[in-house]
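This is what each chain is made of:
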Amino acid sequence: MATHTYASIYIGTYDVSLKVFEFSDKRHLREVDRVRCRMELGRGVLMNGRIGYELVELLCGKLAEFKRIAESYRVEQCEAYASDVFRLMTNRLFMLDQILLRTGLAVKILSSTERRFISYEAVAGHEAFESMIKTRAAVVDVGGSSLQITLFREGRLLTTQHIEAGTMKLRTLLGDRGHSLKLYEKQIVEYINKKLEGFRGMYMTDDVDYVILISDYGTELVKRVEKNGANDKLVKSEKFIKFIDKLQKNTLEEITSELNLPNEREPLIVPSIMMFRTLVENIAPKEVWVPGYDIQDGMAYDYAYRNKLLKCAHDFEADVLSAALSMSEHYKSYSPHIDALRSLSTKIYDTLKKVHGLGRRQRLLLEVATILHDCGKFVSMSGSAESAYQIILSSELIGLTHLEREIVALTVLYNTKPLDDYEELSDRLDVESYLTVAKLSAILRVANALDQSHKQKFKNIRIAVKERELVITVEAFEDISLEQALFDAKTRYFENVFSIKPLLKQKKTYSV
């Protein structure tokens with residue numbers, strides 16, 4: 001395989017950086033250059049809701065410089081992403097337009113979900129990751145505006161929770177308290193403990209073996225803890241906390257010198273390491289692993305997976321389904337009916353492959369919608385569809401984009417509610433996504449009609465498309481008059497979407 005070169009540019013809450021990578025075969029990715037510039041854009045956004053023209057000017061100049069560096073490496077692709085904090089900017093459209101006009105870079109502002117998943121892709125590509133999640137592990141991604149915790153048990157993803165407490169946000173909220181870490185301690189510990197209190201009570205039912213930490217400064221910190229270099233990425237929790245306690249007595253200059261940081265007054269190092277300590281103390285793992293990847297490594301892995309430049313052994317779709325199943329159990333909706341519906345809906349989907357024109361990714365969204373379609377009953381039996389919609393949109397399903405989560409939530413909503421006209425949803429969906437919602441909800445309705453009683457009365461189900469009919473032939477071991485009586489009413493919507501009429505046929509069975 002010929003060498004493939006790629007550049008990632010990331011506009012973060014407190015810096016702007018460039019990384020250049022080389023892919024030499026299906027297994028290896030190598031960083032060949034990195035340039036970083038401190039620029040506290042996020043602080044202005046969090047405090048004022050915008051950044052001034054001086055910073056926009058400075059940003060455009062730096063991005064133009066990064067682009068020239070990337071072009072000097074003759075990169076096949078240069079992608080530029082920005083932190084989700086810029087979604088809060090009142091002047092973000094003008095900023096993006098100026099960047100495009102002055103540099104030619106089309107910057108994409110990532111949602112929090114997208115940013116976390118891209119970072120997660122890099123970590124999941126590591127061999128050590130697979131062995132750690134087979135026990136009990138927590139992936140903790142600390143960003144500038146927020147943090148995210150993903151729990152694994154025995155290889156299964158249990159939950160992903162987003163918490164509004166990032167390092168830049170801490171500094172903005174609490175202010176610069178001086179040069180000593182001790183002056184930050186009380187405020188940060190109290191703030192983080194309060195944020196984690198509900199998480200611990202609701203989700204931390206078991207001890208954790210590993211915390212997998214994704215954050216700036218983590219690598220430098222662990223290297224100093226393990227001075228012998230035997231393993232500069234994995235450290236015992238007690239040793240990790242003890243080292244931070246030692247740092248706590250120092251001034252900011254002494255801390256940055258100890259960690260060998262280039263800026264002797266690194267403004268975010270104090271809230272960062274105090275955040276690390278408080279997180280580890282709350283989650284209480286046996287060991288802390290810092291793989292040393294950041295969002296730009298994730299961008300490179302994401303690009304490589306999209307373009308088949310690297311192979312990944314981790315199953316990200318399995319993570320999505322596992323998280324959906326855990327949500328279903330959490331909201332007391334998981335049942336044999338869910339399993340039956342999942343099997344029926346995917347069987348209908350596969351049979352209609354040449355009719356619906358959708359792909360593998362949409363099949364995954366249908367499975368997630370099927371698993372979660374009853375979760376709203378936990379909140380309201382009469383308004384379950386609306387409640388399920390809100391639950392799904394408010395939940396983190398790592399691996400799904402915000403748009404995909406919207407498609408899943410609307411598929412569940414229109415499983416029972418009449419489909420709104422496109423004009424009513426055009427602020428949330430493009431035409432393609434709207435059609436996807438219509439098709440998936442129509443399939444889910446037919447599957448639901450086949451198990452209206454929630455008793456799984458059918459066996460040996462055969463589904464086939466014959467001319468303009470979807471023929472569903474079943475064997476039943478109980479009376480199916482309820483399903484037959486409601487089938488036509490439940491499937492008219494399907495006929496309208498696909499121009500195919502579903503027919504339910506019962507195969508005669510004989511007892512000897």
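Every value quoted in this text rests on a predicted model; they were computed, and no experiment measured them. (Residues numbered from 1 in each chain as written. Predicted model: local features only at pLDDT ≥ 70, side-chain atom pairs only at ≥ 80, totals over all residues. Heavy atoms only, no water.)

(A) Quick look at helix α4 (residues 112–124). Spanning 13 residues, α4 covers 18 Å between terminal C-alpha atoms, matching the ideal 18 Å at 1.5 Å per step. The buried fraction of α4 amounts to 13 of the 13 residues, a majority that puts the element mostly inside the structure. (Helix = DSSP H or I, 4+ residues; strand = E, 2+ residues; numbered from the N terminus. Expected span 1.5 Å × (residues − 1). Buried < 20%, exposed > 50% of the residue type's maximum accessible area, 1.4 Å probe, protein only.)

(B) Spotlight on the sheet that holds strand β13 (residues 469–476). The strand order β12-β13-β14 describes an open sheet built from 3 strands, whose pairing is mixed. Single-partner strands in this sheet number two, and they are β12 (458–466) and β14 (501–506). Direction aside, neighbouring strands of the sheet carry axes that sit 20° apart on average. Pairing geometry for β12 and β13, over 7 bridges, is antiparallel. Looking across to β13, one finds that Ile 463 is bridged to Ile 472. Helix α21 (residues 481–498) contacts β12, β13 and β14 of the sheet and is inclined by roughly 155° relative to β14. (Pairing = 2+ DSSP bridges. Axes fitted to C-alpha atoms, helices over the stretch in contact; angles between N-to-C directions. Contact = heavy atoms within 4.5 Å.)

(C) A look at the packing of aromatic side chains. Enumeration over the complete set of coordinates arrives at 15 aromatic pairs. An angle of 50° between the planes, with centres 6.0 Å apart, marks the rings of Tyr 301 and Tyr 305 as tilted. Here the residue Tyr 301 and the residue Tyr 305 both occupy positions in helix α12 (residues 295–306), the gap between them amounting to 4 residues, near one helical turn. There is no split in this pair, since Tyr 301 and Tyr 305 are both buried. Among the aromatic side chains, those forming a connected cluster through ring pairs are Phe 117, Tyr 120, Phe 129, Phe 152, Tyr 293, Tyr 301, Tyr 305 and Phe 316. Just above the ring of Tyr 81 sits the side chain of Lys 108; from NZ or CZ to the centre is 6.0 Å. A cation over an aromatic ring shows up here: Arg 445 above the ring of Tyr 493, its NZ or CZ 4.0 Å from the ring centre. (Phe/Tyr/Trp six-rings, centres within 6.5 Å; stacked < 30°, edge-to-face > 60°. Lys NZ or Arg CZ within 6 Å of the ring centre and 35° of its normal.)

(D) Inspection of the pattern of salt bridges at higher detail. Evaluated as defined, the whole model comprises 33 salt bridges. Notably, a salt bridge pairs Arg 36 with Asp 216, separated by 3.9 Å at the nearest N-O pair. Of this pair, Arg 36 sits in strand β3 (residues 29–38) while Asp 216 is found in the loop between β9 (208–214) and α8 (218–225), placing the two residues 180 residues apart along the sequence. Between Glu 197 and Lys 194 there is a salt bridge, and its shortest N-O distance comes to 3.9 Å. Of this pair, Glu 197 and Lys 194 both sit in helix α7 (residues 182–203), 3 residues apart, which is roughly one turn of the helix. Because the salt bridges share partners, they merge into one network encompassing Lys 19, Glu 31, Arg 34, Asp 294 and Asp 297. (Salt bridge = Lys/Arg side-chain N within 4 Å of Asp/Glu carboxyl O.)

(E) Spotlight on the packing of helix α14 (residues 336–351) against helix α16 (residues 360–372). Packing of α14 against α16 brings their axes to within 9 Å, and their N-to-C directions diverge by 155°. The angle between the axes of α14 and α16 places the two elements in the roughly antiparallel class. Two packed elements cross with a definite hand, and for α14 against α16 that hand is right-handed. Along the contact surface, α14 presents Ile 338, Leu 341, Arg 342, Ser 345, Thr 346, Tyr 349 and Asp 350, while α16 presents Gln 362, Arg 363, Leu 366, Glu 367, Thr 370 and Ile 371. Residues belonging to the contact of α14 with α16 are distributed by class as follows: 5 nonpolar, 4 polar and 4 charged. (Parallel < 35°, antiparallel > 145°, perpendicular 65-115°, else oblique. Left-handed = near helix turned anticlockwise from the far one by under 90°. Nonpolar A, V, L, I, M, F, W, Y, C, P; charged D, E, K, R; others polar.)

(F) Representation of the nonpolar core in the model. Membership of the largest hydrophobic core comes to 100 residues, with the highest contact counts inside it found for Phe 129, Val 368, Leu 372, Ile 472 and Phe 494. For this core, the leading source of residues is helix α20 (residues 431–449), giving 10 residues. The next biggest cluster of nonpolar side chains, apart from the first, holds 46 residues, and it includes Ala 165, Val 225, Ile 255 and Met 275. (Core = buried A, V, L, I, M, F, W, Y, C linked by side-chain atoms within 4.5 Å.)

(G) Representation of a negative patch on the surface. A surface patch of like charges, here negative, comprises Asp 420, Asp 421, Glu 423 and Glu 424. With respect to the helices and strands, Asp 421 occurs in the loop between α18 (402–413) and α19 (422–425). (Patch = residues over 30% accessible without salt bridge, like charges linked within 9 Å, V, L, I, M, F, W, Y side chains within 5 Å. Areas by Shrake-Rupley, 256 points an atom, 1.4 Å probe, with all protein chains shown as cover. Lys, Arg positive; Asp, Glu negative; His and termini not counted. Charge placed at Lys NZ, Arg CZ, Asp CG, Glu CD.)

(H) Molecular detail of α18. Taking 1.5 Å of rise per residue, 12 residues should cover 16 Å, and α18 covers 16 Å from first to last C-alpha, within 8% of that figure. Counting buried positions along α18 gives 10 out of 12 residues, so the element sits mostly inside the fold. Residues of α18 that are buried: Glu 404, Arg 405, Glu 406, Ile 407, Val 408, Ala 409, Leu 410, Thr 411, Val 412 and Leu 413. Looking at the buried side of α18, the elements it contacts are α4, α16, α17 (384–394), α19 and α20.

(I) Geometry of the side chain of Thr 5. Checked against the element boundaries, Thr 5 lands in strand β1 (residues 4–11). We classify Thr 5 as buried; its relative accessible area is 8%. Excluding residues within four positions of it along the chain, Thr 5 makes contact with Val 20, Phe 21, Glu 22, Tyr 73, Arg 74, Val 75, Glu 76 and Gln 77.

(J) Here's a closer look at unusual backbone geometry. Even without glycine at this site, Asn 260 takes up a positive phi of about 60°. By the secondary structure assignment, Asn 260 is in the loop between α10 (252–258) and α11 (269–283). A positive phi angle, near 60°, is found at Lys 332, a position not held by glycine. With respect to the helices and strands, the residue Lys 332 is situated in the loop between α13 (316–330) and α14. For Lys 332, a relative accessible area of 67% corresponds to the exposed category.

(K) Highlighting the sheet that holds strand β7 (residues 147–153). The 6 strands lie next to each other as β8-β7-β6-β9-β11-β10, forming an open sheet whose pairing is mixed. The two strands at the open ends of the sheet, each matched to only one other strand, are β8 (156–163) and β10 (234–236). On average, each strand axis in the sheet is tilted by 20° relative to the strand beside it, whichever way the strands run. Along the sheet, α11 contacts β6 (136–142), β7, β9 and β11 (285–289); its crossing angle with β6, the most-contacted strand, is approximately 155°.

(L) Structural view of the pairing of β1. Taking burial as the measure, the 8 residues of β1 include 8 buried ones, the bulk of the element. On β1, burial covers both faces: His 4, Tyr 6, Ser 8 and Tyr 10 on one face and Thr 5, Ala 7, Ile 9 and Ile 11 on the other are all buried. Relative to strand β2 (residues 15–23), β1 runs antiparallel, the two being bridged by 8 bridges. Opposite Ile 9, over in β2, you have Leu 18 as the bridge partner. From the end of β1 to the start of β2, which pair antiparallel, there are 3 residues.

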